[in-house]
Every structure is written in C-alpha cells, then in structure tokens.
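Structural overview
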Amino acid sequence: MLAYLNGQFLPRAAAAVPVEDRGFVFGDGVYEVWRVVGGRLFETERHLARLGSGLRELRIPAPDLVDPDRLTAIADRLLTDDGLLDGEATFYLEVTRGVAPRTHAFPPGRISPTIFAMANGFKPADELRRAGATCITTPDIRWLRCDIKTIQLLPNVLGKQAAAEAGALDVLFVRDGVITETSHANVLAVIDGVIRTHPTNNLILPGITRAVVLELAHDLGIRVAEASFAPSDLSRASEVFLAGTTTDVMPIIRVDDLVIGDGKPGPIATTLFRELRTRLDALALPRHSRAAATAST
Ligand code: PDD
C-alpha cells in the first residue's frame, strides 16, 4: 500500500513523520475522510470546504491543498497504485501544522505543514444495516469546537471502545441533556413524523452525509427540523439512524435498554439509505450517465 507524504508517494510502511511533528505531540492538525466508489471521490468540494475552514480556524497555512485538481491527482495515484479503482474505498487526508521544537504557541516563522494521504479498501456494513444496530449513551466530554475536524479524537476513541465493549455499534454523546452525535457519525431521529437532528453549531461536526441526507429527505417531501432532542425523547421516536461517510445511513433499533419504534429498521432510514446509495453508485457510472442518474434522484 502506498502513502502520500509531503509531495512524495512511497510505500506506506516507509512513510515516517519526525517525532517533533505537532500532530504527534499536540494533535495540532485536521483531517478528512472521503468515500470513494469506482475510483471517484464523493462530495469532493464539500469535504474540501470543511477542510479549508478547519485549516483557517487553526491558522494552518496550506492554501494549495484546498484545490480539487490537486486533491484528485493525489487520490487518483493512490487509488490506482493500490488497485482500488473498482469497488469501494476511503481516501484519508491529514494536515498538521508541521515539525518544530515543542512549545505550545505556534512556532515562530513559517514552517511547512505536514500533508499525509492514504486510500483503503472499504466494505459497507450492509448486513448490520439490514438487521439494525444498537447504541449506548455516554457523556459528551469533548471540547467546545466539535465543528472543527481535528485529529484530537480521544473522547471519540474511548467512546467507540466503550460501545464495542458493550456489544453496541457506537455511542450517542449527550451534552447538557441533549444528544449531539456519535464518535464518528451524526445522529437523526424521527419524532412525530419529523426528522430531527442537532443543529450545526460548535457542538457537532457538520457532517457531509448529514447534509446530503437532509437534502434527500427534503426532496422526498419528508419534514426535517434541525432541532436537538434528548435521550428521553427517544421513547417517542419511531426511528433513529446515523449518517456518516463510513456509516452511510445506519438504522438504530435500540439505545441503551430502549427499543426504538418496532425494533426494526424503519421506512424513512431505509428509503434514505437507498437514495444515498444511488448517489454513491452514480460515481461509478461514465460521466454522461452519472449526470442523468443524479438528476433523476
Ligand atoms: N468521521 N461526526 C463526527 C464526530 C465524525 O467524526 C464524522 C465523520 C461525522 C460524519 O461526517 P461525514 O458525513 O462528513 O463523514 C460526524 C469520519 C468518517 C472518521 O472519523 O472516520
């Protein structure tokens, strides 16, 4: 497997970052994960816009990177060399402030950001999706800028591990009595016939899949409210589902001890997954039929 590191393509095992990289010592960096189908990146521009805003918030100067042509060229080379042009994959990109002696404040003068990318094969969890997954609730112990996709993911790592140990798919983070999101996906619930999801503010990542799913719901005439909900509201929810790049739309049939709806994947999650899948599959079509498929969704 190949890696891209600071302008070079090299075997992944040989790709090394100096120990004084600020990503390594401070978690001083941001990342993005794209879904790839048939060698093409899903929602290139939206992920790049989020990357650009994260870099601006952290004041990491890497303007060249936020360029779709440059990004696509890096991804194309990795996907081609790793034999990932057919089927499903993910493309990971990470940017740190760079290498400098360890002082908390930004290093004086201009240092080059570290830029790392890799592609990996991906298999969607379709069997679990058909059965429906479970989640546990846990306090949201993260910082107050969850809108920035930083590489500091310790609460997410600990949360996902707690879920794994409880035999659940993921955690629902709860802050000040409301459900924010999961360790690596956004969460939506159908309450009184309306899809509700936490509004985009500093407490959640503005998920690309969340945005696509809300657009799809809107096109289907399903009512949507960007309004948060509490764990206690889940007893009135007919459906709960997650949305994320590596999660797609995933129905949740139990949260802690509470069975959601009739304990089976519901019709809204099922329909939204089907529509999302159509958009993903359109990536693998030749350009002219892709435009037609997307227009018909
Ligand atoms: N995670 N919320 C959090 C905390 C996330 O880390 C992610 C994505 C999402 C969903 O965002 P999107 O739809 O843009 O993928 C929500 C990626 C996939 C990861 O960390 O691997």
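Notes on the structure follow. (Residues numbered from 1 in each chain as written. Predicted model: local features only at pLDDT ≥ 70, side-chain atom pairs only at ≥ 80, totals over all residues. Heavy atoms only, no water.)

Focus: the overall build of the protein chain
Keep this limit in mind: Per the convention used, a helix needs a DSSP run of H or I reaching at least four residues, while a strand needs a run of E reaching at least two, with both numbered from the N terminus. Taken over C-alpha atoms, the radius of gyration is set against a globule rule of 2.2 Å times the number of residues to the power 0.38. Exposure is judged per residue with a 1.4 Å probe applied to protein chains only, and the accessible area is read against the type maximum: over 50% gives exposed, under 20% gives buried, and values in between give partly exposed. Surface accessibility follows the Shrake-Rupley procedure with a 1.4 Å probe radius. Residue values consider only the protein chains on display as shielding. The sign given to each residue is positive for Lys and Arg and negative for Asp and Glu; His and the chain ends receive no count. Every charge is mapped onto a representative atom, which is NZ of Lys, CZ of Arg, CG of Asp or CD of Glu.
Along its length, the protein chain carries eight helices and 15 strands. A compact globule built from 297 residues should have a C-alpha radius of gyration of about 19 Å, and the protein chain, at 20 Å, falls within 12% of that. Along the first, second and third principal axes, the C-alpha atoms of the protein chain reach 55 × 45 × 30 Å. The buried share of the protein chain, reckoned over its 297 residues, is 51%. Of the roughly 13700 Å² that the protein chain leaves accessible, carbon and sulfur atoms contribute 56%. Looking at charge distribution, the protein chain has the averaged site of its 32 positive side-chain charges lying 1 Å from that of its 36 negative ones.

Considering the packing of helix α2 (residues 44-58) against helix α6 (residues 208-219)
Heads up, the condition is: Where helices are involved, their axes are fitted lines through C-alpha atoms of the stretch in contact, as for all axes, and angles between N-to-C directions lie from 0 to 180°. Any angle that is under 35 degrees is reported as roughly parallel, and any over 145 degrees as roughly antiparallel; angles of 65 to 115 degrees are reported as roughly perpendicular and all others as oblique. Here is the rule for handedness: rotate from the far helix to the near one, and if that takes an anticlockwise turn smaller than a right angle the crossing is left-handed, while a clockwise turn gives right-handed. Contacts are residue-level and defined by heavy atoms, with any inter-residue pair within 4.5 Å sufficient.
One way to put it is that α2 packs onto α6 with a least axis distance of 10 Å and a crossing angle of 135°. In this view, α2 runs oblique relative to α6, as classed from their interaxial angle. The two elements α2 and α6 cross, and the hand of that crossing is right-handed. Within the contact between the two elements, α2 uses R46, H47 and R50 and α6 uses I208, A211, V212 and E215.

Here's the deal with the environment of G83
Locating G83 in the fold gives a position in the loop between α3 (68-81) and β5 (88-96). G83 gets classed as exposed once you look at its relative accessible area, which sits at 59%. Along the backbone, G83 and M250 are 167 residues apart, and their C-alpha atoms lie at a distance of 28 Å.

Focus on the pattern of salt bridges
Stated precisely, the cut-off is as follows: We define a salt bridge as a contact between a side-chain nitrogen of Lys or Arg and a carboxyl oxygen of Asp or Glu at a distance within 4 Å.
Applying the stated rule across the entire model yields 22 salt bridges. Between D28 and R22 there is a salt bridge, and its shortest N-O distance comes to 2.8 Å. Look at D28 and you get buried, because its relative accessible area is 10%. A salt bridge links D192 to R236, with the shortest nitrogen-to-oxygen separation between them at 2.9 Å. One end of the pair, D192, is in the loop between β10 (186-191) and β11 (194-197); the other, R236, is in the loop between β12 (224-225) and β13 (237-244), with 44 residues separating them in the sequence.

Re the layout of surface pockets
What counts, and what does not: Using a grid of 1 Å spacing that covers the protein atoms alone, one calls a set of points a cavity when a 1.4 Å probe fits there but cannot get out, and a pocket when the set is open and has protein on both sides within 12 Å along at least five of seven lines; lining residues are those with an atom within 4 Å of a point. Grid points are joined across faces, edges and corners, and a volume is the space filled by probe spheres set on the points. Ten residue types, Ala, Val, Leu, Ile, Met, Phe, Trp, Tyr, Cys and Pro, are classed as nonpolar, four, Asp, Glu, Lys and Arg, as charged, and the remainder, Gly among them, as polar.
Its boundaries defined by the atoms lining it, the largest pocket holds a volume of some 800 Å³. Around the largest pocket, the lining is made up of 39 residues, and of these Y31, K149, L153, S183 and H184 lie nearest the centre. Listed by contribution, the elements that provide at least two residues to the lining of the largest pocket are β3 (29-37), α2, β5, β6 (114-121), α5 (154-165), α6 and β13. If one sorts the elements of the lining of the largest pocket by residue count, α5 sits on top with five residues. Residues that form the lining of the largest pocket fall into these classes: 17 nonpolar, 15 polar and seven charged.

Concerning the site of the ligand
Note the cut-off: Whether a residue is near a molecule or strand depends on its heavy atoms: it is near if one of them lies within 4 Å of it. Nitrogen and oxygen atoms within 3.5 Å of one another constitute a polar contact, given that in protein one can donate a hydrogen and the other can accept it, and given that sequence-neighbouring residues count only through two side-chain atoms.
Looking at the ligand, there are 20 residues lining it, with Y31, E181, I208, T209 and T245 nearest. The separation between a nitrogen atom of the ligand and a polar side-chain atom of K149 is 3.1 Å. Within the contact set of the ligand, an oxygen atom lies 2.8 Å away from a backbone nitrogen or oxygen of I208. About the coverage of the ligand: the protein hides 91% of its 470 Å² of free accessible area.

Details of empty space enclosed by the protein
Taking a probe equal in size to a water molecule and rolling it over the atoms shows the remaining empty space. Applying the stated rule across the entire model yields two cavities of 30 Å³ or more. Around the largest cavity, the lining residues are S238, E239, V240, P251, I252, I253, I260, K264, P265 and G266. Residues of the lining of the largest cavity, tallied by class, amount to six nonpolar, two polar and two charged. Each pocket or cavity is described by its volume, and for the second largest cavity that value is around 30 Å³. R35, F42, T209, G244, T245, D248, L276 and L280 are the residues that line the second largest cavity. Residues of the lining of the second largest cavity, tallied by class, amount to three nonpolar, three polar and two charged.

Description of the state of the cysteines
Selection rule: In what follows, a disulfide is any cysteine sulfur pair within 2.5 Å.
Taken as a whole and judged by the stated rule, the model has zero disulfides. Take C135: it sits in no disulfide, and the sulfur closest to it among the cysteines is that of C146, at 17 Å. When its relative accessible area of 2% is taken as the criterion, C135 is described as buried.

Some points on the sheet that holds β6
Put simply, the rule is: By definition, two strands form a pair when at least two bridges between them are found by DSSP.
Taken in spatial order, the six strands of this open sheet run β2-β1-β6-β5-β3-β4, and their pairing is antiparallel. Strand pairing shows two members of the sheet lacking a second neighbour, β2 (8-11) and β4 (40-41), which therefore form its edges. With two bridges joining them, β3 and β4 adopt antiparallel strand pairing. Its bridge partner lying in β4, V37 is registered against R40. α3 contacts β1 (2-5), β2, β3, β4, β5 and β6 of the sheet and is inclined by roughly 155° relative to β1.

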